[in-house]
Amino acid sequence: MSAAIIFIILLALMLTGMPISISLGLTVLTFLFTMTQVPIESVALKLFTGIEKFEIMAIPFFILAGNFLTHGGVARRMINFATSMVGHWHGGLGLGGVVACALFAAVSGSSPATVVAIGSIILPAMVKQGFPNKFGAGVITTSGALGILIPPSIVMVMYSVSTNTSVGALFMAGVIPGLLLAGFLGFTTWNRARRFGYPRLPKASWGERARAFRESAWGLFLIVVVMGGIYTGIFTPTEAAAMSAVYAFFVAVFVYKDLKMSDVPKVLLNSANMSAMLLYIITNAVLFSFLLTHENIPQAMADFMMGAGIGVIGFLIMANILMLIMGNFMEPSSIVLILAPILFPIAIALGIHPVHFGIIMVVNMEVGLCHPPVGLNLYVASGITKMGITELTVAVWPWLLSMLVFLVIVTYIPAISLWLPQTLGML
């Protein structure tokens, strides 16, 4: 009964058009003050202690690093390197876009940032070379979603905060699925380009490839700084985020010199705005999680599922469908922060590894970024391509289908997610 009332209040507030973060907070306060005897002091205390986690500090640092890289010419050099390697295959520039998105994802941690950085450069070049606008939009919209699967990932940090799962293990677990999904999207791009006879680039010489690598090396080295530092234990994921922000600033301003010192305050302000928005969502989601735990809702749902004989396969099917449905209406951070406290205890009770379940959630979030009505990548790509959301939705379908196939594979083959962190002794 409590669960039904809580979710009815939340849904009613969201249907008014109220921001999700405020809807979460008002739902908690309405229920606590009208139907329980919880003192207001405990609510205030939970607001502070809920976000008093070292891991949360990684979020503003990764956002800042991504903004420095987006404005600092790193994306252009990564695109040049990617197209020099795969540009001579069918759909050369499109394939280069997939590879460049995978590389940029490994330094930014954000899907919209990846779409903006890579898409704003490569989409005009694709149209100029004779690719249909829809093809380029489909490639970049879906490949940009790699930004939250290939580590570092802001969404993985959110999942870690919600479930107390190791951020470092999640980052390592995202490497193989991220590369596999890039392969799926690359194959779809190559196959459609071959079928429709889209243009290819002249094959680059090894000298040209070496030169493109040298130019992009400063940006690519950030992958080594973050992942190498975490794996070797030199610093924690949060410290790695701070290092990446400092390194990205140094590269953008002093090495590539594409970002002037006079532009730095604007980048800092944009990063602060985005960080404040996410931290506000986290604060209200922590309150919502507190309410669910206080009313014993996750445990009751876990007991019901166990008693009804719903096994691992059935639960994962239900969880995927629920996350895909919520992806129609909400952005990834909110979905993770709302659903993780509910689904996580059930997954653990059924023997699903917390890191594997985290990767399943992240892949679902990727799909949600690419379909309407609130797919964030669609809106970002729409701004770049000047295409309508309906037209873009049609354009992304071939790649979206390959993402759904990948979701099924990664859901039911845990080794894809768990092999690397297990091999590195992180689990």
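Here is what the cut-offs are and how they apply
Residues numbered from 1 in each chain as written. Predicted model: local features only at pLDDT ≥ 70, side-chain atom pairs only at ≥ 80, totals over all residues. Heavy atoms only, no water. Helix = DSSP H or I, 4+ residues; strand = E, 2+ residues; numbered from the N terminus. Rg over C-alpha atoms; globule rule 2.2 N^0.38 Å. Buried < 20%, exposed > 50% of the residue type's maximum accessible area, 1.4 Å probe, protein only. Contact = heavy atoms within 4.5 Å. Areas by Shrake-Rupley, 256 points an atom, 1.4 Å probe, with all protein chains shown as cover. Lys, Arg positive; Asp, Glu negative; His and termini not counted. Charge placed at Lys NZ, Arg CZ, Asp CG, Glu CD. Axes fitted to C-alpha atoms, helices over the stretch in contact; angles between N-to-C directions. Parallel < 35°, antiparallel > 145°, perpendicular 65-115°, else oblique. Left-handed = near helix turned anticlockwise from the far one by under 90°. Nonpolar A, V, L, I, M, F, W, Y, C, P; charged D, E, K, R; others polar. UniProt positions renumbered as here; feature names shortened; annotations may be inferred. Core = buried A, V, L, I, M, F, W, Y, C linked by side-chain atoms within 4.5 Å. Salt bridge = Lys/Arg side-chain N within 4 Å of Asp/Glu carboxyl O. Patch = residues over 30% accessible without salt bridge, like charges linked within 9 Å, V, L, I, M, F, W, Y side chains within 5 Å. Expected span 1.5 Å × (residues − 1).

**Structural notes on the overall build of the protein chain**
Summing up its helical and strand segments, the protein chain has 21 helices and zero strands in all. For the protein chain, whose C-alpha radius of gyration is 22 Å, the value lies close to the compact-globule estimate of 22 Å for 427 residues. On the principal axes, the C-alpha backbone points of the protein chain span a range of 70 × 45 × 45 Å. Across the 427 residues of the protein chain, 55% fall into the buried class. Across the protein chain, the fraction of contacts at a sequence separation of at least 24, relative to all contacts at a separation of at least 6, is 79%. On the protein chain, roughly 17300 Å² of surface is accessible, and the fraction owed to carbon and sulfur atoms is 71%. In the protein chain, 18 side chains carry a positive charge and 13 a negative one; their mean positions are 20 Å apart.

**Quick look at the packing of helix α3 (residues 40–50) against helix α14 (residues 264–294)**
Angle between the axes and distance between the axes: these two values describe a pair of packed helices. For the pair α3 and α14, interaxial distance at closest approach is 9 Å and the crossing angle is 120°. It follows that α3 is oblique to α14 by the angle criterion. Our pair here, α3 against α14, has a crossing hand that is right-handed. Where α3 approaches α14, its residues V43, K46, L47 and G50 are matched on the opposing element by T283, V286, L287 and F290. In terms of residue class, the contact of α3 with α14 is built from five nonpolar, two polar and one charged.

**Brief notes about the UniProt feature "domain: TRAP C4-dicarboxylate transport system permease DctM subunit" (unreviewed entry) in the protein chain**
On the UniProt side, "domain: TRAP C4-dicarboxylate transport system permease DctM subunit" (unreviewed entry) is annotated at positions that read residues 7–416 here. A helix fraction of 79% and a strand fraction of 0% characterise residues 7–416, whose end C-alpha atoms lie 34 Å from each other.

**A few points about the environment of P345**
Inspection of the secondary structure assignment puts P345 in helix α17 (residues 332–349). Taking the relative accessible area as the measure of exposure, P345 reaches 27% and is therefore partly exposed. Distance from P345 to Q299, taken between C-alpha atoms, is 6.9 Å for residues 46 residues apart in sequence.

**A short note on the nonpolar core**
Core analysis: the largest hydrophobic core is formed by 146 residues, its most contacted members being I118, F315 and F357. No other element matches the 12 residues that α14 contributes to this core.

**Considerations on the side chain of E366**
Considering the arrangement of structural elements, one finds E366 in helix α18 (residues 354–369). No salt bridge is formed by the buried E366. Its closest oppositely charged neighbour is R192, at 19 Å. Apart from the residues lying within four places of it in its own chain, the contact partners of E366 are A145, L146, I148, L149, L181 and M403.

**Notes on a nonpolar patch on the surface**
A contiguous nonpolar surface patch, about 740 Å² in accessible area, is contributed by I313, I317, I321, I325, F329, V408, Y412 and I413. For the nonpolar patch, the secondary structure elements donating two or more residues are α16 (312–326) and α20 (389–412). No other element matches the four residues that α16 contributes to the nonpolar patch. Topologically, I321 is positioned in helix α16.

**Digging into the pattern of salt bridges**
Taken as a whole, this structure holds two salt bridges when the rule is applied. One salt bridge in this structure joins R77 and D258, with 2.8 Å as the shortest N-O distance. Within this pair, whereas R77 is found in helix α5 (residues 74–86), its partner D258 is found in the loop between α13 (237–255) and α14, the two being separated by 181 residues in sequence. Judged by its relative accessible area of 14%, R77 falls in the buried class. Owing to a relative accessible area of 30%, D258 belongs among the partly exposed residues under this scheme. Where salt bridges share partners, they join R76, R77 and D258 into one cluster.

**As for α14**
Residues spaced three or four apart along an α-helix face the same direction, because each turn holds 3.6 residues. In this model, α14 (31 residues) spans 44 Å end to end at C-alpha, consistent with the 45 Å of a helix rising 1.5 Å per residue. Among the residues trailing α14, N296 stands out with phi positive, at a value near 60°.

**Overview of the side chain of T27**
Position of T27 among the secondary structure elements: in helix α2 (residues 20–35). A relative accessible area of 0% places T27 in the buried class. If we skip the residues at most four places from it in the chain, T27 touches I6, I9, L10, L13, F288 and L291.

**A word on unusual backbone geometry**
Across the junction of P151 and P152, the peptide omega takes the value 0°, indicating a cis bond. Relative to the helices and strands, P152 is located in the loop between α8 (133–143) and α9 (154–163). Backbone geometry at K257 places phi at a positive 60°, although glycine is not the residue there. Owing to a relative accessible area of 61%, K257 belongs among the exposed residues under this scheme. One non-glycine residue, K386, lies in positive phi territory at about 65°. Here K386 shows up in the loop between α19 (376–385) and α20.

**Section: the environment of I56**
Residue placement: I56 occurs in the loop between α3 and α4 (58–71). Residue I56 is classed as buried on the basis of its relative accessible area, which comes to 5%. In this structure, the C-alpha to C-alpha distance between I56 and L279, residues 223 residues apart in sequence, is 8.3 Å. Once you skip the residues sitting within four places of it in the chain, I56 turns out to touch G50, I51, V161, L279 and I282.

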